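# Tertiary structure, described
In case you want the letters, here they are:
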Amino acid sequence: MTRSAVLAGIGSFLPSRRVTNEHLTARLDTSDEWIRTRTGIRQRYFAEPGTTTSDLAAEAGARAMKSAGLAEVDAVVLATTTPDRPCPATAPTVAAKLGLVGCPAFDVQAVCTGFVYALATACGLLAAGGADTVLVIGAEMFSTILNPADRTTSVIFGDGAGAMVVRAARAADGGAIGPFDLGSDGTGADLITVRAGGAEQRRGRSAPTAGDEYFSMAGREVFRQAVEHMAASARAVLSRAGWQAGDIDWLACHQANLRILVRLADVLGIPEARVLANIAAVGNTSAASIPLVLDQAHQAGRFQAGDRLLLSAFGGGLTWGSTVLTWPDLTRP
Ligand code: UT7
């Protein structure tokens, strides 16, 4: 029997501290108008001191497991750029917080593409028979790596978490997640980076510079490449699935910039009304953004069972990835 993976439950979690554009204009040389018109963002959430990425991840994971009606899963895969510690991985801590001691748990690091990579990994585990249920989480606390003095990144990113439970199904049953298209181009590693904290800096290949411990991004070049790679990846996955752009009910992309979402929909020939966007309310939450936007749309009752979704992301690495799925008959909380 050929095994496939289907969506069984979904959940998300946002920390309580709401940070509006006005909060940022009080301490940075920026304006609400610049942030809104260049990014579409009006506010984001930052976690309170004392909270860690594993806390956000565990909360979103618990909600996804509740949505799936499960008290246990066979594996936990966590996509994050902001692990609790450089070592060990954060996923075992998340699993322990969920009472899941004993199951395999590991992190996937593909920055803003992380959730799509993690979902592909989970679907691979299910297809290979290594698990019957997998909890896939995207969780980020970018507030811990942003340079508070850097207006080009501080206004964009926010904290949050989203999660899905995927379960094994018979391929013949339909509704399977996939196929996937994944890619990377490491020659662009410097375009989105935290330079300090790894072997390169610790072995002194380059002299440390002030600010190396913070996240940095070459925004304009990343914007160009994001549209190009997401469009090519989305087309590749549609072709493998045998779907046309006109078959897509919802375009659920990484929420990097509202202008990127609009441009991508235009390039793919998908009407703007079919684009899911929550970036105005949560900012760019990196690996958390796709499950977060999906869960919020699900809770708002926007999906019908059978809707066809196209997921696509682009991020540091550089990395990109896309997949398709058919929305199942999920009850809302
Ligand atoms: O999530 C992972 C993938 N990430 C992305 O895909 C992000 C892609 N990039 C972007 O979303 C956009 O490039 C940004 C939002 C980061 C920047 O928008 P932009 O329209 O590309 O602006 P820019 O970098 O070309 O800068 C335009 C101007 C510059 O001033 P000059 O040189 O024209 O005088 C910047 O210094 O805007 C200035 N600027 C700002 N002004 C006010 C940059 N940040 C700000 C700011 N407030 N926060």
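Residues numbered from 1 in each chain as written. Predicted model: local features only at pLDDT ≥ 70, side-chain atom pairs only at ≥ 80, totals over all residues. Heavy atoms only, no water.

In this section: the pattern of salt bridges. All told, the structure shown has 10 salt bridges when counted by the stated rule. Note that D32 and R36 form a salt bridge whose closest N and O atoms lie 2.9 Å from each other. Highlighted residues: D32 and R36, both in helix α2 (residues 32-39), separated by four residues, approximately one helical turn. For R36, a relative accessible area of 28% corresponds to the partly exposed category. Between D181 and R240 there is a salt bridge, with its nearest N and O atoms 3.1 Å apart. Taken together, the residues span a long stretch of sequence, with D181 in strand β8 (residues 180-184) and R240 in helix α8 (residues 219-241) at a distance of 59 residues. Linked through salt bridges whose partners overlap, the residues forming this network are E221, R224 and E228. (Salt bridge = Lys/Arg side-chain N within 4 Å of Asp/Glu carboxyl O. Helix = DSSP H or I, 4+ residues; strand = E, 2+ residues; numbered from the N terminus. Buried < 20%, exposed > 50% of the residue type's maximum accessible area, 1.4 Å probe, protein only.)

A word on the side chain of D181. Given a relative accessible area of 11%, D181 falls into the buried group. Look past the residues within four positions of D181 in its chain and what remains in contact with it is S233, A236, V237, R240, W320, G321 and S322. (Contact = heavy atoms within 4.5 Å.)

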